[in-house]
Structure formats: C-alpha cells, structure tokens
Amino acid sequence: MTPKNRNNGFSNSCFLFSLLGIFFSVAAFCIYFIVPAETTSNLITETAPVEEISEPVVEETPEFVTYLNEVASKSFEKDEDNGLELYRNPESRGAVEWFYSHVTGREDVALAILQEAEKNNIPLSLAFSLAYTESRYNTNAVNKNSNETIDRGLFQLNSSSFPNLTENDFFDPEVSAKYGMSHLKFCMNTAGNEVSALAMYNAGTGKVRSNRTPQSTLNYVGKIMAYQDTIDKLFENEVASYFETKLSSKASVAMASKN
C-alpha cells in the first residue's frame, strides 16, 4: 500500500469513529432526558423488607365496644339454636350424638361436651366451637403461658384458675367439659351476651371489665364464630332439616287425629 493510500485509510477510520461517537452521544442524551426513568422511591418501595409488627394490647375504646356490640347483635340475629332441642328429644338424640362424634372424631369427647352443654343450657354449636378453638378437640393439649401458668385439656383449663384439679383431671374430657362449660356459663351470665362472654373466657373477666382486652381476643372470638357458623350449616343439612320435617309431620297427624 502506498503512503498516500495509507493516509486516506487512516482519515476514513477517524471520520468513522467520530460519527459513531456523535451517534452514541445523541442516543445517551435522548435516553437521559426523554425516556422516563423509574424513581428511587419506587425502587425502595418494591425492595424494602416488610417490618414485622408485634400483636398489640389495645385499650377497650368506645369503638372497640361498639364493634363487640355489633357482632353480638349479629349473633342474636341468627336462627335460634335447635341443637339442644333435638338432643333433648329421645327420638333425635342419637342423630345429634352421631353428628358431633363425627365432628370431633371421638365419641367420648362428643358425649362429654353434649352432656355439660345441655346441663348449662349452652348452644351446642357454641360449646363445640369453643372446644375446637381451644384445643382442636385434643384432650391432651398443653399450652404454657408467659405468666408461668399452664392451660391443659379439652377446654384449656388454667392451672391458676382451677388449682384443686389434679393433672389427670385436666386431661379427662368429662372433667374438662364440666368445668369449661360451667365457666363459660358464668361468663355468659356476667357479660350478658355470647361475644363478650367468649372474650372473658379468653382474656379473663378482670381484663374485660377493666377495659383492657388483648387485640388477639378479637381474632379468637372471630374464629369461634366462624367455626360455629360452619357447624350450624352442617347440622342443619345433616340432622335438623330431617327431624324438623319428621316432627312437624307427626305434629300434623296428631292434630288431625284430634280433630
């Protein structure tokens, strides 16, 4: 290659690199000033970890009391519990025992709860919902509290509240149902409605009366009511609807024979 051609090639290369430099500069300018960039605040929102919030203990404010009253009034709007009526009727008693034995998975547990709920005139679905939420129907359930007391058994009876019970008593379904149902009845008589009674059963009558109820109690009451609603619907489909039709038919026949 001659010197003249070599110089021309070098000049062309320089010109080409110059054009490329200008092109990339213009492109960078357009990207920076024209294309909208994601803001830093958005990036932080997307990548920042969620702060864990511990469960608070709240004052029983007027809003809290209003909430409990609203829930209580809603619970009274439900159809009257007919489980006790059917359990007390010899003709349908076996079906009620069958239903709750399948619900709990244990006949001895079901019979213990049914007997004590009937004695204390407590709606069956409420009694079984309380037992489920407290222990999942596990007679050997144990929970150690931060104040060094222990909750044991089907209805999670507290060692401090029932100091005269032996360890075997706590795990006996009949004993646990006896004291659990009598204590719930006491709470119902004290509170005046089921919702506040459940709050007392969970948090203690002292805390509820002194307007200091743990936030977790709301969740506790909500779980019981949700489970109770499920049981009520199942009981209606599996037991009540059949016997209501059967008993009403018998009543109609009896009335017709009298006339």
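First, a word on what this report is: a plain description of the structure on this page. Since we're looking at a predicted model, the values are computed, not measured. (Residues numbered from 1 in each chain as written. Predicted model: local features only at pLDDT ≥ 70, side-chain atom pairs only at ≥ 80, totals over all residues. Heavy atoms only, no water.)

### Here we look at the pattern of salt bridges
When the charged atoms of two side chains with opposite charge come close together, those side chains can pair. Applying the stated criterion across every chain yields a total of five salt bridges. Across the pair R88 and E118 runs a salt bridge whose closest N-O atoms are separated by 3.0 Å. With a gap of 30 residues between them, R88 in helix α4 (residues 83-88) and E118 in helix α6 (residues 107-119) connect regions that are remote in the sequence. For R88, a relative accessible area of 40% translates into the label partly exposed. For E118, a relative accessible area of 27% gives the class partly exposed. (Salt bridge = Lys/Arg side-chain N within 4 Å of Asp/Glu carboxyl O. Helix = DSSP H or I, 4+ residues; strand = E, 2+ residues; numbered from the N terminus. Buried < 20%, exposed > 50% of the residue type's maximum accessible area, 1.4 Å probe, protein only.)

### Digging into the layout of surface pockets
Taken as a whole, the largest pocket spans an internal volume of roughly 760 Å³. Residue lining of the largest pocket: 25 residues in total, with D151, N158, Y201, N202 and A203 positioned closest to the centre. Looking at the lining of the largest pocket, the element that brings in the most residues is helix α10 (residues 194-203), giving four residues. Tallied by class, residues from the lining of the largest pocket come to eight nonpolar, 14 polar and three charged. (1 Å grid on protein atoms, 1.4 Å probe; cavity = no way out; pocket = protein on both sides within 12 Å on 5 of 7 lines; lining within 4 Å. Points joined across faces, edges and corners; volume = space filled by probe spheres on them. Nonpolar A, V, L, I, M, F, W, Y, C, P; charged D, E, K, R; others polar.)

### Describing the packing of aromatic side chains
Considering all chains together, one arrives at nine aromatic pairs under this definition. For the pair Y100 and F235, a centre-to-centre distance of 6.0 Å together with 25° between the ring planes defines the contact as stacked. Residue Y100 is located in helix α5 (residues 90-104), and its partner F235 is located in helix α12 (residues 215-258); the two are separated by 135 residues in the primary sequence. Using a relative accessible area of 1% as the deciding quantity, one classes Y100 as buried. (Phe/Tyr/Trp six-rings, centres within 6.5 Å; stacked < 30°, edge-to-face > 60°.)

### Things to note about the packing of helix α9 (residues 173-191) against α10
Running from amino to carboxyl end, α9 crosses α10 at an angle of 125°, the nearest separation of the two axes being 8 Å. Taken as axis vectors, α9 and α10 run oblique relative to one another. Handedness of the crossing formed by α9 with α10: right-handed. Seen from α9, the contacting residues are G180, H183, L184, C187, M188, T190 and A191; seen from α10, they are E194, S196, A197, L198, M200 and Y201. Classifying every residue of the contact of α9 with α10 gives eight nonpolar, four polar and one charged. (Axes fitted to C-alpha atoms, helices over the stretch in contact; angles between N-to-C directions. Parallel < 35°, antiparallel > 145°, perpendicular 65-115°, else oblique. Left-handed = near helix turned anticlockwise from the far one by under 90°. Contact = heavy atoms within 4.5 Å.)

### Focus: the sheet that holds strand β2 (residues 142-144)
The strand order across the open sheet formed by three strands is β2-β3-β4, and the pairing between neighbours is antiparallel. Of all the strands in the sheet, the pair left with one neighbour each is β2 and β4 (157-158). (Pairing = 2+ DSSP bridges.)

### Regarding α5
Over its 15 residues, α5 runs 22 Å from end to end, which matches the ideal 21 Å to within 8%, given 1.5 Å per residue. All of the buried residues in α5 are S92, V96, F99, Y100, S101 and T104. Two to three positions downstream of the cap, the backbone nitrogen of E91 sits 2.9 Å from a side-chain oxygen, assigning the N-cap of α5 to N89. Directly after α5, the chain includes G105, whose backbone phi takes a positive value near 85°. (Expected span 1.5 Å × (residues − 1). Polar contact = N/O pair within 3.5 Å; in protein donor to acceptor, adjacent residues only side chain to side chain.)

### Quick word on the environment of V103
Among the secondary structure elements, V103 is positioned in helix α5. On the basis of relative accessibility, which here comes to 24%, the residue V103 falls in the partly exposed class. When the C-alpha positions of V103 and Y137 are compared, they lie 9.4 Å apart, and in sequence the two are 34 residues distant. If we ignore the near neighbours within four places in the chain, the residues touching V103 are Y137, Y227 and I231.

### Thoughts on α9
Taking 1.5 Å of rise per residue, 19 residues should cover 27 Å, and α9 covers 26 Å from first to last C-alpha, within 8% of that figure. Restricting attention to buried positions, one finds in α9 the residues P173, V175, S176, A177, G180, M181, L184, C187 and M188. Tucked inside the fold, the buried residues of α9 contact α6, α7 (124-135), β4, α8 (167-170), α10 and α11 (205-209). The N-cap of α9, judged by a side-chain oxygen 2.9 Å from the amide nitrogen of E174 a few residues on, is D172. Just downstream of α9 lies G192, where phi reads positive at about 95°.

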